[in-house]
Amino acid sequence: MGFGLVVRFVAHSAEAARAFDQLAERALEGIRTEEPGTLVYVNHAVPEQPNVRVFYELYADRAAFEEHERQPHVQAFLAERAQYLASFDVTFLEEIAGKGSSSDEATR
């Protein structure tokens, strides 16, 4: 089964949110090329809430998430993000069922 999470970030301002997006994009360069176990990692804007960003992350398993957390590009992101943020909230997810999920594969 996959291992997922959703993180809601609230930036200090719209300008801070744009700077946060640039920081996230730098991390995504490493995620795309160095993390085969990271299946989905997406930064979302929230309509009509310019200071809010929501990350959706899906990993092959918990070990892939832990490997993600150890990467230098992720460590840099984690160290630098606080300067842009008023708050953030992490929600870990446990898969039940869905399209494109590992449980979907089991029903074929």
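Look up: the structure comes first, before these words.
What comes next concerns the included structure. (Residues numbered from 1 in each chain as written. Predicted model: local features only at pLDDT ≥ 70, side-chain atom pairs only at ≥ 80, totals over all residues. Heavy atoms only, no water.)

Let's talk about the packing of aromatic side chains
Reasoning step 1: Summed over the entire model, instances satisfying the criterion amount to twelve aromatic pairs.
Reasoning step 2: Seen from their ring centres, F3 and F65 are 5.2 Å apart, and the 45 degrees between their planes marks the pair as tilted. Placement of F3 in strand β1 (residues 3-11) and of F65 in helix α2 (residues 62-70) is noted, with a sequence separation of 62 residues between them.
Reasoning step 3: Taking relative accessible area as the criterion, F3 reaches 12% and is therefore assigned buried. (Phe/Tyr/Trp six-rings, centres within 6.5 Å; stacked < 30°, edge-to-face > 60°. Helix = DSSP H or I, 4+ residues; strand = E, 2+ residues; numbered from the N terminus. Buried < 20%, exposed > 50% of the residue type's maximum accessible area, 1.4 Å probe, protein only.)

A look at the packing of α2 against helix α3 (residues 72-80)
Reasoning step 1: The N-to-C vectors of α2 and α3 enclose an angle of 70 degrees; their axes lie 5 Å apart at closest approach. Judged by the angle between their axes, α2 and α3 are roughly perpendicular. Mapping the contact onto sequence places H68, E69 and R70 in α2 and P72, V74, Q75 and L78 in α3.
Reasoning step 2: Looking at the contact of α2 with α3 residue by residue, the class counts come to three nonpolar, two polar and two charged. (Axes fitted to C-alpha atoms, helices over the stretch in contact; angles between N-to-C directions. Parallel < 35°, antiparallel > 145°, perpendicular 65-115°, else oblique. Contact = heavy atoms within 4.5 Å. Nonpolar A, V, L, I, M, F, W, Y, C, P; charged D, E, K, R; others polar.)

Considering the pairing of strand β2 (residues 38-46)
Reasoning step 1: Pairing of β2 with strand β3 (residues 49-59) involves eight bridges; the strand directions are antiparallel. Following the sheet pairing, V42 is matched in β3 by Y56.
Reasoning step 2: The hairpin formed by β2 and β3 contains two residues between the paired strands, and E48 there has a positive phi angle of roughly 65 degrees. (Pairing = 2+ DSSP bridges.)

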